[in-house]
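Summary of the model geometry
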Amino acid sequence: MPAQPLAVITDALAAAQDRGMLPTTLDSAGLKELGAEVLAKSVFTARGADAVFVSQLKEVIDQLTAGDIGEGQARTALWETLKAIGYTPEGGFPSTPLGQVPEAMAGTLQDLSSRRRLDLIVRTQKDLMTGAGQQIRGMIPAFLAMFPAWELVRMGPVRVARDWPLRWAEAGGKDPGDEFPAFSYQTVGAPTGMIAFKGDPVWGELGSSGNFDDALDVDYPPFCYNSGMGWRPRSRAYCQLHDVTGPDGESIDEWQASQPNILGGKLPLPAPQVSLAGVDPAIAERFRLATQGTTDPGKPMVVNYSDILAKALAAAKAAYHP
Amino acid sequence: MPEVLAINVTGAELVDRDLNTLLAGLRDRRPLHASIATEATEMTREYLQGLNRHASAERLGATPTNFRERNALSLQPSCDDAAAYILIPRNTGLGRAFHDVLILPGSGKTYLTIPACARTYGKVVRDFPADTFRFVIYQGRYPGLVFRDDGELGYWLRRQVLQRQDRTLLPSNEDWREVGRHSAIAYVNNLPRPSLA
């Protein structure tokens, strides 16, 4: 038998290694005041010695997704790094200018070295990489041909489940119909009827922070923090049985034919935006200016990077085709 | 004297067409294997999510960590021309379904910490403030860590732990064969074929 088990690592690990750091010129104090969601989402650094932590974080998550270490070992490795750097909840990182970092109460989410915070970081990163790996694998031609759709189902219990049918509807998902019990999304493994083709824009909308403040700006599970939701691949027969169609009523073959990038294993870009709801408006504005994002008049706390992305793509294209 | 029987077979060309379609559908085995791998992986995930084995947590009166349920997400289907696979990362601990597992302390460590009460279940010593515990030896033989404030035993300390093979951590071979069989039949039945009408 070939040494196939490495492939599972390759997908999740590839996804892990592809992610970048959140570019920002905000200082530590500004970052500290951003919402917990924004802080926890990205692998980013405030200043100076934080870079060591960020570098170690990336390495640890790579090892975790590769299956080499467990969540507990990942937390311990990060905690030891923080200690080695000299991080304290009261003073932050030693390289941070004195007085710029609000004191964090030890053991709270603001304390980077607390179990709760490290647990949040490790689990969120692991879930993201698992979801990204599943998406990559789902686009392999043989899997795409046999299982053209995903169904959103609960994969793990949570204390309080979000209203996923409402989110599904707001994201533009098709009504699951009466054959699926209304609260099936609360039961682990139960079919929910929230089904859409691979590559359908509904997945990006479901994970967009422009639509949901706690979203992670990804088009794959877990979509938002500690959601407990995941994907179940659905076969052609299942799709036909439940009359699953594309956004404009396309059949499976019509949808896939209209999406050559998807057929080629290329994935659509996730929505380039981030929500700063709940953040001090002055800091949100500084964040927007620092990152050169734009805001929609109807959503002043959602920073959009579409223009920047379009310019960057145009510049890249021009470089290749002058 | 033998009698000569004249037998006319009709519709053979249609049967041949059907057979050819079937053979064409099986020429590239990857879609078939993708189908089997996906169904088998989903079945295995459901199995893990339904295990509901929280004996340690229940014994200690603690909230389960749902370790196995969460790990179910890490399973991945895979396939090639030769076979269908379920890929199981090492850190899920599911290798114990196939062999004994000897757990040793990490480098530089002397003991493993085994939670002994609800307060410590799912946590490590580092998750508590410094000086929460003190070292004790029970009955002159068994080292442990007790809470300084009330003397409750927090952790047993062990130099190694041997976990015996437990095949029930994963579905049985027969369960996997069954899902493979069903998946293969469904695949063949769903192959597009010319109408006999």
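Attention now goes to the domain arrangement of chain B. Residue and element names in this part refer to chain B. Along its sequence, chain B is organised into domain 1 (13–100 + 167–197) and domain 2 (101–163). Placing a centre on the C-alpha atoms of domain 1 and another on those of domain 2 gives a separation of 38 Å. Domain 1 puts 10 residues into the contact, and the matching count from domain 2 is 9 residues. Across the side of domain 1 that touches domain 2, the residue classes tally to 3 nonpolar, 5 polar and 2 charged.

At the interface, 31 residues of chain A touch 25 residues of chain B. Put simply, the parts of the chain that give the side of chain A that touches chain B at least two residues each are α1 (6–18), α5 (71–85), α6 (115–138), α7 (141–146), β3 (229–234) and α10 (236–241) of chain A. For the side of chain A that touches chain B, the residue count by class is 15 nonpolar, 10 polar and 6 charged.

Residue and element names in this part refer to chain A. Judged by how many residues are buried, strand β1 (residues 149–154) sits mostly within the fold: 6 of 6 residues are covered. Bridge count for β1 against strand β2 (residues 195–197) is 3 bridges, and the pairing is antiparallel. Directly across from E151, in β2, lies its bridge partner I195. Here β1 runs beside β3; their pairing, made up of 6 bridges, is antiparallel. By the bridge assignment, L152 is partnered in β3 with W231.

All right, on to the environment of A84 of chain B then. By the secondary structure assignment, A84 of chain B is in strand β2 (residues 84–87). A84 of chain B has contacts with H33, I36, A37, A40 and C79 of chain B, leaving out every residue within four places of it along the chain.

Conventions we followed
- Residues numbered from 1 in each chain as written.
- Chains lettered and ligands numbered in written order.
- Predicted model: local features only at pLDDT ≥ 70, side-chain atom pairs only at ≥ 80, totals over all residues.
- Domains from an automatic or database assignment.
- Contact = placed C-beta atoms within 7 Å.
- Nonpolar A, V, L, I, M, F, W, Y, C, P; charged D, E, K, R; others polar.
- Helix = DSSP H or I, 4+ residues; strand = E, 2+ residues; numbered from the N terminus.
- Buried ≥ 20, exposed ≤ 12 C-beta atoms within 10 Å, placed from the backbone.
- Pairing = 2+ DSSP bridges.

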